[in-house]
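Commentary on secondary and tertiary structure
Read off the chains here:
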Amino acid sequence: MIVVASANGAVGIPAAMAVLRDGGSALDAVEAAVRVVEDNPDDHTVGYGGYPNVLGEVELDASIMEGATRRAGAVGAVRGYRHPITLARRVMEALPHVLVVGDGAARLADGMGMVKEDLLTDAARRTWQQGLEGTLDPTTPMAEWLHRIGRLATDPEHVAGTVNVIAHDAAGHLAVAVSTSGAAWKHPGRLGDSPMIGAGNYADDRYGAAACTGWGELAIRAGTARMVVEGMRRGLSVEAACVEALHDLAHLGGIDPATVLMHVVAVDAVGRHCAATTRRGWEYAHQTEAMAEPTVGPRLVVELAGGAS
Ligand code: GLY
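Scope of this entry: the structure provided in the associated data block. This structure is a prediction, so every number in the text was calculated from the model and none was measured.

Let us look at helix α1 (residues 13-21). Think of an α-helix as turning once every 3.6 residues; residues three or four places apart then point the same way. Every buried residue belonging to α1 is among Ile 13, Ala 16, Met 17, Val 19 and Leu 20, and all of these are buried. All buried residues of α1 project into a common sector of 155 degrees when viewed along the axis, lining one side.

With that settled, the discussion passes to the site of the ligand. Residues in contact with the ligand, as listed here, are Thr 162, Gly 182, Ala 183, Arg 190, Gly 192, Asp 193, Ser 194, Gly 214 and Gly 216. One nitrogen or oxygen atom from the side chain of Thr 162 is found 3.4 Å from a nitrogen atom belonging to the ligand. The side chain of Arg 190 places a nitrogen or oxygen atom 2.6 Å from an oxygen atom of the ligand. In isolation the ligand exposes 200 Å². Once the protein is present, 100% of that is buried. For the shell around the ligand, the per-class residue count stands at 1 nonpolar, 6 polar and 2 charged.

As a further point, take the sheet that holds strand β1 (residues 2-6). Across the sheet, which stays open at both edges, the 8 strands sit in the order β4-β3-β2-β6-β5-β1-β11-β12 with mixed pairing between neighbours. The open sheet is flanked by β4 (99-101) and β12 (295-298), the only strands paired with a single partner. The mean inter-strand angle of the sheet, taken between neighbouring strand axes irrespective of direction, is 15 degrees. Pairing geometry for β1 and strand β11 (residues 283-288), over 5 bridges, is antiparallel. Counted as the bridge partner of Ile 2 is Thr 288 from β11.

Quick look at unusual backbone geometry now. Residue Arg 70 is not a glycine yet carries a positive backbone phi of 60 degrees. As for its position among the elements, Arg 70 is in the loop between β2 (60-66) and β3 (72-78). Unusually for a residue other than glycine, Ala 77 sits at a positive phi of about 50 degrees. Locating Ala 77 in the fold gives a position in strand β3. Owing to a relative accessible area of 13%, Ala 77 belongs among the buried residues under this scheme.

Thresholds applied
- Residues numbered from 1 in each chain as written.
- Predicted model: local features only at pLDDT ≥ 70, side-chain atom pairs only at ≥ 80, totals over all residues.
- Heavy atoms only, no water.
- Buried < 20%, exposed > 50% of the residue type's maximum accessible area, 1.4 Å probe, protein only.
- Helix = DSSP H or I, 4+ residues; strand = E, 2+ residues; numbered from the N terminus.
- Arc of directions from axis to C-beta.
- Near = heavy atom within 4 Å.
- Polar contact = N/O pair within 3.5 Å; in protein donor to acceptor, adjacent residues only side chain to side chain.
- Areas by Shrake-Rupley, 256 points an atom, 1.4 Å probe, with all protein chains shown as cover.
- Nonpolar A, V, L, I, M, F, W, Y, C, P; charged D, E, K, R; others polar.
- Pairing = 2+ DSSP bridges.
- Axes fitted to C-alpha atoms, helices over the stretch in contact; angles between N-to-C directions.

Structural data, given as structure tokens:
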């Protein structure tokens, strides 16, 4: 048994491991872990306390996928409910759909009896106000305004956050969960890779599971999580599959490979794992059944500067 997460998921790993040690499923484990992160007000990239969109509204995205069946559920641009991961699971289990957004997702939350609340904390509001100071002069021409907002929305410090959790349970099943408040100061309604099955999240018990954090638009364009799993299907090791998928991002047109910020975590069908990144300094967390607590360590660095092979 193993649980692997982005570094900010470390706080949720004990909850996931408790589920697995109790004989619970990988699916229950990843949901339990992500709910802890969504509750964490100090994490400004996920759930309650997340950074808002350009209008100051917190909009959350999440997805969940079960490797045994490849059932998946996702929600996007959810306002007012702090546990989009549970909504994503509800989409997967109760609706004949995979992705539900906006008012439709809120309707689902309401139907489940979820508490509606303001998710914008004072700390996140202050950062949002400081971030936008001087940029929202109403006389600014639209093109210039969009350019400035775009620059803020792609500030790496703000765009990189999301939580990924992958679990491999005692029965050998995989599940993956992803949750985020998305790129800070994003355009209202913007969805990143986190609710996109195949982009930010993919699981297939036969080969492995993968999830992404980082610049979501790139993972959407490249189908990064699915590409990692596809690499394992072709016989690559989990590590080689992660490296190949990150190298692939260097070939997307219109961007300098040196600016690509992407991190992946992956687990293969027998529970071996890898966490890789395009930038030095990014960490991940994991815990196996033999470990008393999660450990946080460095990711494998895949340099894309100057182009990749
Ligand atoms: N990777 C999260 C996002 O771009 O929204």
